[in-house]
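This is what each chain is made of:
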Amino acid sequence: MKKIISVILACTVILGAAAITGCSKKPDDSWKTNEKYDLSVPVLNEDGWYLVFEDNFDGTSLNENITFGEKYTGNKEIWTTSPHAIRWESQDEDKPEQACWWCPTMVEVKDSNAIIHSRYEENHTCDGDCPKAGRFTSGIETRLISGDNNDNKGTADTMLFSQAFGYFECRVKFPKSQGLWSAFWLQSSNQRKVGNEGQDGTEIDVYESAFINSAQSEMGHALLWDGYGKDGKVEDYISPLEQDLYDGYHTYALKWTPEYYVFYIDGKPTWATDGGDVSKVKEFLRLTVEIDAGDGWGPHGQKIGQFSHNNEDNDDFMIDYVKVWQNENYEQFIKNDDEFEGSMDLG
């Protein structure tokens, strides 16, 4: 979900203007007939699948009324807000207010939803270092940044919840607004360690809603490993769809096995891959919103338009539920971060 995705996935990058043009590569659909991939949706309490947790956000704040499975022994407070810090610098040095900031004041829980607001404010107040005027949004995730929140590189994380392998599903309603994209993604602190392919941690983008201006309904999935610098690698897939994903709530899911990943939208498989040799370490969950930094571009080389400073034009990101299952047959393949050698690429 780093904006570097736009750079890696694009054919042309014009530095300074940050204009990004998407590739016109025909997607490889061989996964649909590859017998290696079991494309079926898991069934709870069958074939080794068991509940880890389900959160329907029934309350007035995060971490209320979460249902945990019988085998769960971890933290009961698993959510926090995304790092309270600048996310993207403005692409126009004369318009610093076009920077994107993540601020906890943009997160609300009500009406059985976790709600992420996106606003332009000229008199913003909070407990952090946010400016008075700027573009503000946020997210929720299951890791806590320790130390300087402006350092979002993941080298000093406290895991509130993390898991390797399993089934991860959310039901959400996209913000149907120009200049915004939401995402459901998993990430490892070791994703920036170079030399082990993605086994020691892969950013897994279950979905990124950057297709508001697309001529047809489609959705992007992606894997990133070996960091975001010169060693970074990526594999992505843009899936054409029949349904309008900007019309109401839809489900987005990932089945992560020790051998491959399968992605689903509304219960139907939309991509399967073993890219990066498949992550074997525990990863944390993130559901976030991001705002264009004045350039109008988002991930997958998509033109997402300009964010409006008239807040009546800006929709909220609605998270109805998040649920996580595990499979007892996968647990033996989990590895610890310290089993992998290599240095961090913090570029």
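Residues numbered from 1 in each chain as written. Predicted model: local features only at pLDDT ≥ 70, side-chain atom pairs only at ≥ 80, totals over all residues. Heavy atoms only, no water.

## Considerations on the pairing of strand 9 (residues 113-116)
Residues Asn113 and Ile115 of strand 9 are buried on one face, and the alternating residues Ala114 and Ile116, pointing to the opposite face, are buried as well. Taken together, the four bridges between strand 8 (residues 107-110) and strand 9 define a ladder with antiparallel strand orientation. Pairing of Val109 across the sheet is with Ala114, part of strand 9. In the sheet, strand 9 pairs with strand 24 (residues 317-327) via three bridges, with the strands oriented antiparallel. (Buried < 20%, exposed > 50% of the residue type's maximum accessible area, 1.4 Å probe, protein only. Helix = DSSP H or I, 4+ residues; strand = E, 2+ residues; numbered from the N terminus. Pairing = 2+ DSSP bridges.)

## Describing the nonpolar core
One finds Phe53, Trp79, Ile140, Trp256, Leu285, Leu287 and Ile319 to be the most contacted residues of the largest nonpolar core, which totals 73 residues. Leave out the neighbours within four places in its chain, and Leu285 touches Phe53, Trp79, Ile140, Glu141, Thr142, Phe161, Phe168, Phe184, Trp185, Leu186, Val322 and Val324. Among the nonpolar cores identified, the runner-up in size contains six residues, and Trp101, Cys103, Cys130 and Phe136 belong to it. (Core = buried A, V, L, I, M, F, W, Y, C linked by side-chain atoms within 4.5 Å. Contact = heavy atoms within 4.5 Å.)

## Structural notes on the sheet that holds strand 6 (residues 85-88)
Read across the sheet, four strands follow the order 6-7-11-10 without closing on themselves; strand pairing throughout is mixed. This sheet does not close on itself; its edge strands, each paired only once, are strand 6 and strand 10 (119-121). Direction aside, the axes of adjacent strands within the sheet are offset by 40 degrees on average. Pairing of strand 7 (residues 100-102) with strand 11 (residues 134-137), which is carried by three bridges, proceeds in the parallel orientation. Across the sheet, the residue bridging to Trp101 is Phe136, located in strand 11. (Axes fitted to C-alpha atoms, helices over the stretch in contact; angles between N-to-C directions.)

## A few points about the confidence of the model for the protein chain
Scored by pLDDT, the protein chain has a mean of 90; 89% of the residues are at 70 or more. By mean pLDDT, the top-scoring element of the protein chain is strand 15 (residues 166-173) (99), and the lowest-scoring one is strand 1 (residues 10-14) (30). (pLDDT = per-residue confidence, 0-100.)

## Some remarks on the side chain of Arg119
Mapping Arg119 onto the fold places it in strand 10. At 3.4 Å, the side chain of Arg119 forms a polar contact with the side chain of His117. Here Asp316 takes part through its side chain, which lies 3.3 Å from a polar atom of the side chain of Arg119. With residues up to four places along the chain from it excluded, the contact list for Arg119 reads Met106, Gly134, Arg135, Phe136, Phe307, Asn311, Asn314 and Asp316. (Polar contact = N/O pair within 3.5 Å; in protein donor to acceptor, adjacent residues only side chain to side chain.)

## Here we look at the pattern of salt bridges
Under the counting rule described, the total for this entry stands at 15 salt bridges. Linking Lys233 and Glu197 is a salt bridge whose minimum nitrogen-to-oxygen distance equals 4.0 Å. Of this pair, Lys233 sits in strand 19 (residues 233-240) while Glu197 is found in the loop between strand 16 (180-187) and strand 17 (203-208), placing the two residues 36 residues apart along the sequence. Using a relative accessible area of 32% as the deciding quantity, one classes Lys233 as partly exposed. Residues joined in a network through salt bridges with shared partners are Glu141, Arg143, Asp157 and Arg286. (Salt bridge = Lys/Arg side-chain N within 4 Å of Asp/Glu carboxyl O.)

## Side note on unusual backbone geometry
Its identity is not glycine, yet Asn63 carries a phi of approximately 70 degrees, on the positive side. Positive phi, close to 55 degrees, is recorded for Asp111, a residue that is not glycine. Turning to its location among the elements, Asp111 is positioned in the loop between strand 8 and strand 9. A residue is classified by how much of its surface remains accessible, and Asp111, at 66% relative accessible area, is exposed.

## Things to note about the environment of Lys132
Mapped onto the fold, Lys132 is located in the loop between strand 10 and strand 11. Put simply, Lys132 and Glu121 are eleven residues apart on the chain and 7.3 Å apart in space, counted from C-alpha to C-alpha. Setting aside residues up to four positions removed in sequence, Lys132 forms contacts with Glu121, Glu122, Asn123, His124 and Thr125.

## Considerations on the packing of aromatic side chains
Throughout the structure, instances matching the rule amount to 21 aromatic pairs. For the pair Phe165 and Trp256, a centre-to-centre distance of 5.5 Å together with 70 degrees between the ring planes defines the contact as edge-to-face. With Phe165 in the loop between strand 14 (157-159) and strand 15 and Trp256 in strand 20 (residues 249-256), this pair connects stretches of sequence that are 91 residues apart. Overall, the relative accessible area of 0% leaves Phe165 in the buried class. For Trp256, a relative accessible area of 0% gives the class buried. Directly above the aromatic system of Tyr50 lies the positively charged group of Lys71, at a separation of 4.2 Å from the ring centroid. The lysine or arginine in question, Arg87, covers the ring of Trp88, its NZ or CZ lying 4.8 Å from the ring centre. (Phe/Tyr/Trp six-rings, centres within 6.5 Å; stacked < 30°, edge-to-face > 60°. Lys NZ or Arg CZ within 6 Å of the ring centre and 35° of its normal.)

## Comments concerning the sheet that holds strand 16
With antiparallel pairing, seven strands are arranged side by side in an open sheet as 5-12-23-16-17-18-19. The strands lining the two open edges of the sheet, one partner per strand, are strand 5 (80-81) and strand 19. Pairing of strand 18 (residues 218-225) with strand 19 involves eight bridges; the strand directions are antiparallel. Counted as the bridge partner of Leu224 is Val234 from strand 19.

## Comments concerning the environment of Val109
Within the secondary structure, Val109 sits in strand 8. Once the C-alpha coordinates of Val109 and Leu62 are considered, the two residues, 47 residues apart in sequence, prove to be 6.7 Å apart.

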